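# Survey of secondary and tertiary structure
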Amino acid sequence: MNETLDITISKADQSRLTVTDFSQLPFGKVFSDHMFIADFNNGEWSNLQVLPYGPVPMSPAISALHYGQAIFEGLKAYRQADGKISVFRADKNFERFNKSAHRMAMPSIPEEIFMQGIAALIEIDERWVPAQEGYSLYIRPVMFATDPYLGVKASDSYKFVLMTTPTGPYYSKPLTVKIETEYTRADDGGVGYAKTAGNYARSIYPFQEAMKEGFDQLIWTDAATHEFIEEAGTANLIFVIDGKLVTPSVRSTVLDGVTRDTIITLAKKAGIGVEERRVSVKEVIAGIENGSLTDAFAAGTAATVTPIGQIGYEGKLYTLTDPATRAISAGIAKTLNDIRYGLIPDEFGWNWTVK
Ligand code: COI
């Protein structure tokens, strides 16, 4: 890492730790005591500070609210078996953040601000990193446009904020998902590969409609034909077909998931075949029917590895193999967790020990 930055620290008068129930941690609702903020003005980042988590005063005219120049990331800090704290693959999230920034005509964030901001926040909120199995401190970086201006153009000013939230997995049970063939999450030439607010905004109404039909999540298909599977919006998708991991290849409409990449790497190392390619809906449905598809799961930082139990398509519900019998995804998920929690050697150098 480069030079040590000058970060102003203002500590919260009182910690909320004592009134936080660590046995009740729904995803993204409980925030730690502090946040990190940096401001972009006149072409440079400045005003780096760690301060008590809370409201950030803002004009209602800020362009992020009107035109959606807003990007985010999600990464996690884990309490290691030896008590230390490490952040998993922060470099990948940093890279993707700046890819999203580029596509959304926003300034890139320097690596030292991203990394030292995380380190400063974890240093001060160390006790917020849960020690329970399956839990972690979710770190949410966000950048948004702050010009109070109603013209449509790239903002000149931005805010970068890091907040953290102790959490368990996003999904608590195997998912019943619907293959979406009416609405579209992303189109070629669009912003599907960027982690930008609008991708999530456009998915909410179709998701609500699917929930009314009893589904937990959508499987998005390609905009042109709705014949190919893309991703789940909150996570990437991985199938096991004929004993091999099969996952939609990363393209302009699919997020390049860090967990997806990690699983592919671990599978290859374990000698499991991996195919990154276009995956048709037909192939998945046929695989369920003829028994060649033996496993399917969502893979993401928030979602971790969540089994898919049932898939709905064109009014029919297909039940997959019993998640309790799925050796491949269970094995990969275990290795992944063992690395994250420091229970086995981190031979790929994925853990960044912050504290
Ligand atoms: C993550 O996995 O970190 C995400 O950003 C997914 C989120 C939309 C819950």
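What counts, and where the lines are drawn
- Residues numbered from 1 in each chain as written.
- Predicted model: local features only at pLDDT ≥ 70, side-chain atom pairs only at ≥ 80, totals over all residues.
- Heavy atoms only, no water.
- Phe/Tyr/Trp six-rings, centres within 6.5 Å; stacked < 30°, edge-to-face > 60°.
- Helix = DSSP H or I, 4+ residues; strand = E, 2+ residues; numbered from the N terminus.
- Buried < 20%, exposed > 50% of the residue type's maximum accessible area, 1.4 Å probe, protein only.
- Lys NZ or Arg CZ within 6 Å of the ring centre and 35° of its normal.
- Pairing = 2+ DSSP bridges.
- Domains from an automatic or database assignment.
- Contact = heavy atoms within 4.5 Å.
- Buried area = accessible area lost by both parts, 1.4 Å probe.
- Salt bridge = Lys/Arg side-chain N within 4 Å of Asp/Glu carboxyl O.
- Polar contact = N/O pair within 3.5 Å; in protein donor to acceptor, adjacent residues only side chain to side chain.
- Nonpolar A, V, L, I, M, F, W, Y, C, P; charged D, E, K, R; others polar.
- 1 Å grid on protein atoms, 1.4 Å probe; cavity = no way out; pocket = protein on both sides within 12 Å on 5 of 7 lines; lining within 4 Å.
- Points joined across faces, edges and corners; volume = space filled by probe spheres on them.
- Core = buried A, V, L, I, M, F, W, Y, C linked by side-chain atoms within 4.5 Å.
- Lys, Arg positive; Asp, Glu negative; His and termini not counted.

### Observations concerning the packing of aromatic side chains
If you walk through the whole model with that rule in mind, you get 18 aromatic pairs. Relative to Y53, the ring of F31 lies with its centre 4.7 Å away and its plane at 10°, an arrangement referred to as stacked. Remark: Y53 occurs in the loop between β3 (44–52) and α1 (63–67) and F31 occurs in the loop between β1 (8–9) and β2 (34–41); sequence separation between them is 22 residues. Relative accessible area serves as the criterion here: at 31%, Y53 is assigned to the partly exposed category. Where F114 meets F160, the ring centres are 6.1 Å apart and the plane angle is 35°; that geometry is what we call tilted. Of this pair, F114 sits in helix α3 (residues 111–124) while F160 is found in strand β8 (residues 158–167), placing the two residues 46 residues apart along the sequence. Take F114 and F160: they sit in the same class, and that class is buried. Counting every residue linked through ring pairs, the aromatic cluster contains F36, F40, W45, F94, F97, F114, Y158 and F160. Above the plane of the ring of F228 lies R278, whose end atom (NZ or CZ) is 4.5 Å from the centre. The ring of F88 has R340 sitting right over it, with the charged end atom 5.0 Å from the ring centre.

### A short note on the pairing of strand β9 (residues 175–179)
Most of β9 is tucked away, with 5 of its 5 residues classed as buried. Residues L175, V177 and I179 line one face of β9 and the alternating positions T176 and K178 line the opposite face, and both faces are buried. Pairing geometry for β9 and strand β17 (residues 304–313), over 4 bridges, is parallel. In the sheet register, L175 faces β17, and the bridge partner there is I308.

### With respect to the domain arrangement of the chain
What the domain assignment reports for the chain is domain 1 (8–168) and domain 2 (175–340). Domain 1 and domain 2 are separated by 27 Å when their C-alpha centres are compared. Across the boundary between the two partners, domain 1 contributes 22 residues, which contact 21 residues of domain 2. Where domain 1 abuts domain 2, roughly 1800 Å² becomes buried across the two surfaces, and 57% of that area is made up of carbon and sulfur atoms. At the junction of domain 1 and domain 2, the tally comes to 1 salt bridge. Our enumeration of links across domain 1 and domain 2 arrives at 12 residue pairs in polar contact (both at pLDDT 80 or more). Taken together, the elements giving at least two residues each to the side of domain 1 that touches domain 2 come down to β4 (70–72), β5 (75–79), β6 (85–88) and α2 (90–103). Here the residues of the side of domain 1 that touches domain 2 sort into 9 nonpolar, 6 polar and 7 charged.

### Some points on the layout of surface pockets
Its volume calculated, the largest pocket comes out at about 720 Å³. Lining the largest pocket are 32 residues, with F72, Y170, Y200, G233 and T234 positioned closest to its centre. Going through the elements one at a time, β7 (136–145), α4 (197–212), β10 (217–219), α5 (258–269) and β16 (293–300) are the ones with two or more residues in the lining of the largest pocket. Considered class by class, the residues forming the lining of the largest pocket number 16 nonpolar, 11 polar and 5 charged. A domain split of the lining of the largest pocket shows at least three residues from each of domain 1 (8–168) and domain 2 (175–340). If you trace the second largest pocket, you find 23 residues lining it, with P169, T304, V305, A333 and N337 closest to the centre. Among the secondary structure elements, those contributing two or more residues to the lining of the second largest pocket are β5, β17 and α7 (327–340).

### Comments concerning the nonpolar core
Residues F36, W45, V87, I113, F114, I122 and F160 are the most contacted members of the largest nonpolar core, which totals 55 residues. If you tally residues by element for this core, the top one is α3, at 7 residues. The residues touching I113, leaving out its near neighbours within four places in the chain, are L5, F36, A38, W45, L48 and F160. Ranked by size, the runner-up nonpolar core spans 26 residues in total, among them I219, I241, V246 and A296.

### Quick look at the side chain of K195
By the secondary structure assignment, K195 is in the loop between β9 and α4. Put simply, K195 is tucked away with no salt bridge, and the nearest opposite charge, on E73, sits 5.8 Å away. At 2.8 Å, the side chain of K195 forms a polar contact with the side chain of Y200. If we skip the residues at most four places from it in the chain, K195 touches A70, I71, F72, E73, G74, R96, S100, Y200 and L255.

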